[in-house]
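Breakdown of the fold
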Amino acid sequence: AAKARQCGSLIYHAQLDAGSQESLSLLSEMRRAVENDELRLFLQPKIDLQTGRVIGAEALVRWQHPTRGLVPPMQFIPFAEQTGFIRMLSAWVLSGAARFARDALDAGLNLRLSVNLSTRDLMDQDLPAKIEALITPRNVPASALCLEITESAIMDDPERALSTLEHLHAMGFKLSIDDFGTGYSSLAYLKRLPVDELKIDRSFVMAMERDLDDARIVRSTIELAHNLGLTVVAEGLETAKAWALLAQLGCDEGQGYFIGKPMPQEDFIAWAQAWAPP
Ligand code: C2E
Ligand code: CA
Ligand code: CA
Ligand code: CA
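All of the points below concern the structure found in this document. (Residues numbered from 1 in each chain as written. Chains lettered and ligands numbered in written order. Predicted model: local features only at pLDDT ≥ 70, side-chain atom pairs only at ≥ 80, totals over all residues. Heavy atoms only, no water.)

Remarks on unusual backbone geometry
Note the cut-off: Elements are defined by DSSP. Helices are runs of H or I of four residues or more, strands are runs of E of two residues or more, and each kind is numbered from the N terminus. Between buried and exposed lies partly exposed: a residue is buried under 20% and exposed over 50% of the maximum accessible area for its type, with that area taken using a 1.4 Å probe on protein chains only.
Even without being a glycine, Asn139 presents a positive backbone phi close to 60°. Within the fold, Asn139 resides in the loop between α5 (127-135) and β5 (145-150). Its relative accessible area of 56% is what places Asn139 among the exposed residues. You will see that Asp179, though not glycine, has its phi angle at about 55°, which is positive.

Structural data, given as structure tokens:
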């Protein structure tokens, strides 16, 4: 906890111990952030790699801190996961994503919103009912939301995760395995999981143009996903060349700085309407 703050910036380490003064004050700061409306929903476009059409967006949270400016998620998500605050944060993101999906529909855009969930969310038996309660009043179909889960979140307690995921899947939500290839998931579980999508981790996609091994991993993941009947998404798409290569390999969807960086949700609809594939 002693070194939790570096260079005056907001860097909270995972080892910040739960009872320390510093973590208690961060917890109350995060509560205040929700009450005072300091969280911001950013959206990053996802496109169909063959047609270039915008088909969805990933919701990524930021914290507009009154004195520290815009704080990136990696500086507070790990702490939120540790303290259980993540459940409140996930509910906030889910409700924002559902509201946005509605606004987009009203603007004539049919977008699927992807939301990141953590282990804690998956361990919550009431999660499916909570999500349902968040989207029903917005009149958004479950299929407009895609829930992204990492391999490690699932492998924490695979049986329990499986039961939550089956429940969510039966309700019509799309499910995606995030950061695929970086965790220690087993193919035996992958086979049993009711998922719709694999997201190739950006480390492989970003390196594939210069490293043959990364290119092979990307190619095999696309094949594996398709053999299992899953949609495959490449994240970390940073160049025109990467897009061409991924499209040639048959990858379905892409997301990355070459297409668009995460942007405030207020800007997204105008961005999508102006988007023309290069
Ligand atoms: P992630 O789920 O893997 O999200 C994708 C991250 O990759 C985002 O970082 C995005 O800005 C970044 N990215 C996308 N395209 C590119 C690219 O072309 N190049 C590079 N270098 N990076 C790219 P961000 O927004 O900083 O989020 C980091 C992580 O924080 C996320 O990784 C996710 O694990 C977590 N996170 C963000 N928002 C939430 C949330 O609402 N809930 C939870 N549980 N986690 C979140
Ligand atoms: Ca994600
Ligand atoms: Ca990811
Ligand atoms: Ca990640």
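Anyway, onward from the coordinates.
What to know about helix α11 (residues 240-248)
Going by this rule: What the arc measures is the spread of directions leading from the helix axis to the C-beta atoms.
When we look at burial in α11, the residues that qualify are Ala242, Trp243 and Leu246. In an axial view of α11, the angular spread of the buried residues amounts to 100°, which keeps them on one side of the axis. The exposed set on the far side of α11, more than 90 degrees from its buried face, consists of Lys241 and Gln248.

Thoughts on the coordination of the calcium ion (ligand 2)
Using the following cut-off: Each metal's donors are the N, O and S atoms within 2.8 Å of it, or within 3.2 Å when it is Na, K or Ca, and because water is not part of the set, sites may look incomplete.
Coordination sphere of the calcium ion (ligand 2), protein contribution only: Glu58 (OE), Asn116 (OD1), Glu148 (OE) and Asp178 (OD), at 2.1 to 2.3 Å. For the calcium ion (ligand 2), the donor residues sit on a single chain with the sequence spacing E-x57-N-x31-E-x29-D. A distance of 3.9 Å spans the gap from the calcium ion (ligand 2) to the calcium ion (ligand 3), which Asp178 bridges by coordinating each metal. Here Glu58 is found in strand β2 (residues 54-65), whereas its partner Glu148 is found in strand β5, with 90 residues between them in sequence.

Here we look at the environment of Gly172
Cut-off, in case you're wondering: Throughout, a residue-residue contact means that at least one pair of heavy atoms, one from each residue, lies within 4.5 Å.
Residue position: Gly172 is located in the loop between α7 (158-170) and β6 (174-180). Residue Gly172 is classed as partly exposed on the basis of its relative accessible area of 26%. It is 18 Å that separates the C-alpha atoms of Gly172 and Ala57, two residues lying 115 residues apart in sequence. Not counting residues within four places of it along the chain, the set of residues in contact with Gly172 comprises Ala142 and Ser143.

A few points about the nonpolar core
Here is the rule: Residues grouped as a nonpolar core are buried Ala, Val, Leu, Ile, Met, Phe, Trp, Tyr and Cys residues, joined through side-chain atoms within 4.5 Å.
By size, the foremost hydrophobic cluster in this structure holds 83 residues, and its most contacted members are Leu147 and Leu246. The dominant element in this core, judged by the number of residues it contributes, is helix α3 (residues 86-106), at nine residues. Residues in contact with Leu246, not counting those within four places in the same chain, are Leu49, Val205, Met208, Val218, Ile222, Ala234, Leu237 and Cys251.

Some thoughts on the packing of aromatic side chains
Heads up, the rule is: Geometry of aromatic contacts follows a simple scheme: Phe, Tyr and Trp rings, the Trp one being its six-membered ring, pair when their centres are within 6.5 Å, and the pair is stacked under 30 degrees between planes, edge-to-face over 60, tilted otherwise.
In total, this model carries five aromatic pairs according to the counting rule given. On the basis of an interplanar angle of 85° and a centroid distance of 5.6 Å, the ring pair of Trp63 and Phe76 is categorised as edge-to-face. Of this pair, Trp63 sits in strand β2 while Phe76 sits in the loop between β3 (69-71) and α2 (77-83); the two residues are 13 residues apart in sequence, bridging distant segments of the chain. For Phe76, a relative accessible area of 1% gives the class buried. Taken together, a centroid distance of 6.1 Å and an interplanar angle of 80° make the contact between Trp243 and Phe258 edge-to-face. Taken together, the positions of Trp243 in helix α11 and Phe258 in the loop between β9 (253-255) and β10 (263-264) put the pair 15 residues apart, joining distant regions of the chain.

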